[in-house]
Each structure stands twice: as C-alpha cells, then as structure tokens.
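Below, each chain spelled out in residue letters.
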Amino acid sequence: MVSASTGISQELLYQVGYEVNKRAAIVVPQDGLTAFGNAWERESKPLAHFILGKILENAKLAVADARPMCGDTGLPRYYVKVGNEARIDGGFVALERSLRRAVADVTQDIQLRANRVHPLTRKNPGNNLGVFAPNIDYSFEPDGDWIDIIAVHKGGLFGTDYRMLFPADGTDGIKRFLLDNMAEFARRGLSCPPVVVGVGLGGTKDQAVSLSKEAACLRLIGNRHPDPDVAVLEEELRELANKTGFGVMGVGGDTTALDVHIEIAYTHTGGMPIAISQFCTAYRRAVARIHADGEVEFREDPLWFTDYYRREGID
Ligand code: SF4
C-alpha cells in the first residue's frame, strides 16, 4: 500500500483513523469485558448484579448490531505514538487532516451523537469537530518506523478534578482527594460507575491533568505501575474506592472502581499536584499500528506507557 520512500499515505492514515474510531465506539475492549464479568460474578447486591449483567449484554448487542455501545458519544479523541524513524506522506498536517476527516465520517456513518459544540453559542457543527476538537495527543518512541493510532471515546462530563496538595499531605491527602472526587461526582449524578480511575501525581498542574486521563484510558485494567511504591498505592486506592459502596451506576454495590492507575511526574519540591480522571462504564478504546510497509495490526494493549515515555534521565 505504501513504500518506505514516500512514507505512510494519508489515505491509509484515514482508513485506520476511521476504523479505530468506529471500533472504539462499538466494541468494548477485552480487558473491560473481563473486568465487568469478574465484577458481575462477585457482586453481592442483587440490583448491582442485575445492572452489571445488562452492561455485559449491551456490549454483546452493540457488536451484533454494529451500533455505539453508549448513546452518549462522550468526546472522541486520539492518542498517537510515532516511531522516531516513521515517515508520513504529507507530514503531520496530513495525519491530523486524516484523523479529523475520520471523526466526521464515523459520526455520520454510525450515527454517533454529535456532542461537540461552541462553548458559548452552543452552535453544533454536527460532526464532533471544532476548534481544538478532536484532541490529538502525541508521544514518541526511538527505533520505530511505525505509527500507533489509539482512539478513545471519553465520557465528557464528569470525573476530572485537580487539587494542589503539599508534601506533608502524604498518601492520606491523596486518599482524601480520591474520596472527595468520587463523592462529589456521585452526589451530582455525573458519574457512571464502575469506572477506571486515573491519577496524575506530580509534574505541573496541566501535566497532572493530562497524565490522569492517560492513566485512566491508556493502560489495561490490572496493569501495575513499575515503581513498587506507586503500585502499592494503586492497590490501596482501588480498595478504598470500592469501600465507598457506591457500586454500579451509584445503586450501591461492591464494585465502584474496576481499577486505579497512577502515573507520576517529577514535581516542584514544595508541592504535590494531583488530578483524577474517571473512565466511565462506557469503556471505549481501540488501537492499531501502521507499519512502514503499510501493514496494519490491531491490538488490545495501547502500550502507551513505555520505559522511554516514563524515562528519568537524559536517554
Ligand atoms: S458518563 Fe459514560 S456511561 Fe455515562 S452516559 Fe456519559 S459516556 Fe455513557
């Protein structure tokens, strides 16, 4: 389909951007299905057990009918990881044009709800496009000639919050923020648990928020951070979130969080910024790699958080 001399073609980028966007809307990833199934099996509250069964049934019906698995599109977005040796015919402008076209076409073809509007006038172009929409975030990887395109449909209205903690707040402060975050969004009816909670800890304010969203959306459920201290805290926060007893859709139950993922960034010595994002019951993500020879490989694991992406020193 392409030759290495010209690079990955704009048309192929469009086709893959279209396919992952469509799959994300329809097909619940396998790690989500497994986690919902496990939650259904161990749920002790009858209503929560019933709803979890319906969530699993809905996931099957969405695939059978080739229709979106949630009526609320959320906000479609892309994460793109680019190998350092990858070449794109037309460059990154061609890539972004392809992804924007894909969002507009998928919105029309599978009747995604057009959620993106002007924030003041509420004008709706009807295609989930607009100023800074869709979000496209990038990361890079050495020694690769491929491009990974990850589509996420992130429930848009709830779950993300930020707080500036200080070093003396310690893990107690982190736990307090998690409980405040979960209670606040449940109280306002803006939560659709069970969720995957992403925590961005450290960095700058904007990094904390971005990392929390990536942590929620771009790691498989059950995956643990390589730093053992962080991994222990992930387990503690998951148990704490489930002790709230909010349960599926807030009806009361054993599973409120399918998992908690923490990503850390080195931060100012005087502070401990923290952000939380919740990836809702509409667990929507699809991943594909485009190789330099045009071969396309779909897979489950986003492989977003590589050793290189989390590097500490110069290299
Ligand atoms: S929060 Fe998630 S599950 Fe709830 S309506 Fe929005 S997209 Fe659907």
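Residues numbered from 1 in each chain as written. Predicted model: local features only at pLDDT ≥ 70, side-chain atom pairs only at ≥ 80, totals over all residues. Heavy atoms only, no water.

1. Structural notes on the layout of surface pockets
Threshold: Method remark: on a 1 Å grid restricted to protein atoms, a set of points is classed as a cavity if a 1.4 Å probe fits but cannot get out and as a pocket if it is open with protein on both sides within 12 Å along at least five of seven lines; lining residues have an atom within 4 Å of a point. Grid points are joined across faces, edges and corners, and a volume is the space filled by probe spheres set on the points. Numbering of helices and strands runs from the N terminus; a helix is a DSSP stretch of H or I covering at least four residues, while a strand is a stretch of E covering at least two. Each residue gets one label: Ala, Val, Leu, Ile, Met, Phe, Trp, Tyr, Cys and Pro are nonpolar, Asp, Glu, Lys and Arg are charged, and the others, such as Gly, are polar. Domain boundaries shown here were taken from an automatic or database domain assignment.
Taken as a whole, the largest pocket holds about 680 Å³ of empty space. Lining the largest pocket are 23 residues, and of these L211, I264, A265, Y309 and R310 sit closest to its centre. When residues of the lining of the largest pocket are traced back to their parent elements, those giving at least two are strand 1 (75-83), strand 2 (135-141), helix 6 (205-217) and strand 6 (257-265). No other element matches helix 6, which puts six residues into the lining of the largest pocket. When grouped by side-chain class, the residues that make up the lining of the largest pocket number 10 nonpolar, three polar and 10 charged. In terms of domain composition, the lining of the largest pocket takes at least three residues from each of domain 1 (10-27 + 69-155 + 285-299) and domain 2 (156-279). For the second largest pocket, the lining is made up of 18 residues, of which N115, R116, V117, H118 and P119 are closest to its centre. For the lining of the second largest pocket, the residue count by class is eight nonpolar, five polar and five charged.

2. As for unusual backbone geometry
For the peptide bond that leads from A133 to P134, omega is 5°, which places it in the cis range. With respect to the element layout, P134 can be found in the loop between helix 4 (91-109) and strand 2. A cis amide bond, omega 10°, links P193 with the succeeding residue P194. Within the secondary structure layout, P194 lies in the loop between helix 5 (170-187) and strand 5 (195-202). Positive phi, normally seen in glycine, also occurs at Q111, with a value near 55°. Relative to the elements of secondary structure, Q111 occurs in the loop between helix 4 and strand 2. Even without being a glycine, N128 presents a positive backbone phi close to 65°. Inspection of the secondary structure assignment puts N128 in the loop between helix 4 and strand 2.

3. Here we look at the domain arrangement of the protein
Just so we agree on the cut-off: Whether two residues touch is decided by their heavy atoms; if any such pair falls within 4.5 Å, the residues are in contact. Here's the idea: put two parts together, see how much 1.4 Å probe accessible area each one loses, and the total over both is what we call buried area. What counts as a salt bridge is simple: a side-chain nitrogen of Lys or Arg found within 4 Å of a carboxyl oxygen of Asp or Glu. Counting of polar contacts relies on pairs of N or O atoms within 3.5 Å, with two restrictions inside protein: one atom must be capable of donating a hydrogen and the other of accepting it, and residues adjacent in sequence are counted only when both atoms are side-chain atoms.
Assigned domains of the protein: these are domain 1 (10-27 + 69-155 + 285-299) and domain 2 (156-279). Taking only C-alpha atoms, the centre of domain 1 and the centre of domain 2 are 26 Å apart. In this assembly, 10 residues from domain 1 lie in contact with 11 residues from domain 2. Carbon and sulfur atoms make up 63% of the surface buried where domain 1 meets domain 2, a total of about 890 Å² over both sides. For the domain 1 face of the interface with domain 2, the top three residues by lost area are Y79, K154 and R285, together amounting to 62%. Connecting domain 1 to domain 2 are zero salt bridges. The tally of links from domain 1 across to domain 2 stands at two residue pairs in polar contact (both at pLDDT 80 or more).

4. Comments concerning the site of the ligand
Note the cut-off: The nearness test applies per residue and asks whether one of its heavy atoms lies within 4 Å of the molecule or strand.
Taken together, C70, D72, G155, F158, C192, C280, A282 and R284 make up the full set of residues near the ligand. The residue inventory of the shell around the ligand, partitioned by class, reads five nonpolar, one polar and two charged.

5. Structural notes on empty space enclosed by the protein
Under the definition given, this model contains one cavity of 30 Å³ or more. Along its surface, the largest cavity is lined by V28, L33, F36, I55, L56, A59, M69 and T281. Only helix 2 (30-42) and helix 3 (46-65) provide two or more residues apiece to the lining of the largest cavity. Examining the composition of the lining of the largest cavity, we find that three residues originate from one element, helix 3, more than from any other. Class assignment of the residues belonging to the lining of the largest cavity gives a composition of seven nonpolar, one polar and no charged.

6. A few points about the pattern of salt bridges
Spelled out, the test is: Burial here depends on accessible area, computed with a 1.4 Å probe over protein chains only, as a share of the maximum for the residue type. Under 20% is buried, over 50% is exposed, and the range in between is partly exposed.
Using the criterion set out here, one finds 22 salt bridges in the structure. For the salt bridge of D180 with R176, the shortest nitrogen-to-oxygen distance reads 3.1 Å. With D180 and R176 both in helix 5 and four residues apart, the pair spans about one turn of that helix. R238 is paired through a salt bridge with D259; the nearest N and O atoms lie 3.9 Å apart. Placement of R238 in helix 7 (residues 228-243) and of D259 in strand 6 is noted, with a sequence separation of 21 residues between them. Of the residues examined, R238 reaches a relative accessible area of 24% and is grouped as partly exposed. Three or more residues are tied together by salt bridges with common partners; here these are R219, R224, E234, E235, R238, D259, E263 and R310.

7. Describing the packing of aromatic side chains
To keep it simple, the criterion reads: Between 30 and 60 degrees the pair is tilted, below 30 it is stacked and above 60 it is edge-to-face, where a pair is any two Phe, Tyr or Trp rings, Trp via its six-membered ring, whose centres lie within 6.5 Å. Two limits define a charge over a ring: the Lys NZ or Arg CZ must be within 6 Å of the ring centre, and within 35 degrees of the ring normal.
For the structure shown, the criterion picks out six aromatic pairs. Aromatic pair Y14 and Y18: ring centres 6.0 Å apart, planes at 50°, arrangement tilted. Here the residue Y14 and the residue Y18 both occupy positions in helix 1 (residues 10-26), the gap between them amounting to four residues, near one helical turn. As far as the burial class goes, Y14 and Y18 line up, both buried. Geometrically, the ring pair formed by Y79 and W304 is edge-to-face, given 5.3 Å between the ring centres and 70° between the ring planes. Of this pair, Y79 sits in strand 1 while W304 sits in the segment after strand 9 (296-299), and the two are 225 residues apart along the sequence. Note on accessibility: Y79 and W304 belong to one class, buried. Through a chain of ring-to-ring contacts, three or more aromatic side chains come together here, namely Y79, W304, F305 and Y309. The ring of Y309 has K81 sitting right over it, with the charged end atom 4.7 Å from the ring centre. The positively charged end of R101 is found above the aromatic ring belonging to Y14, 3.8 Å away from the centroid.

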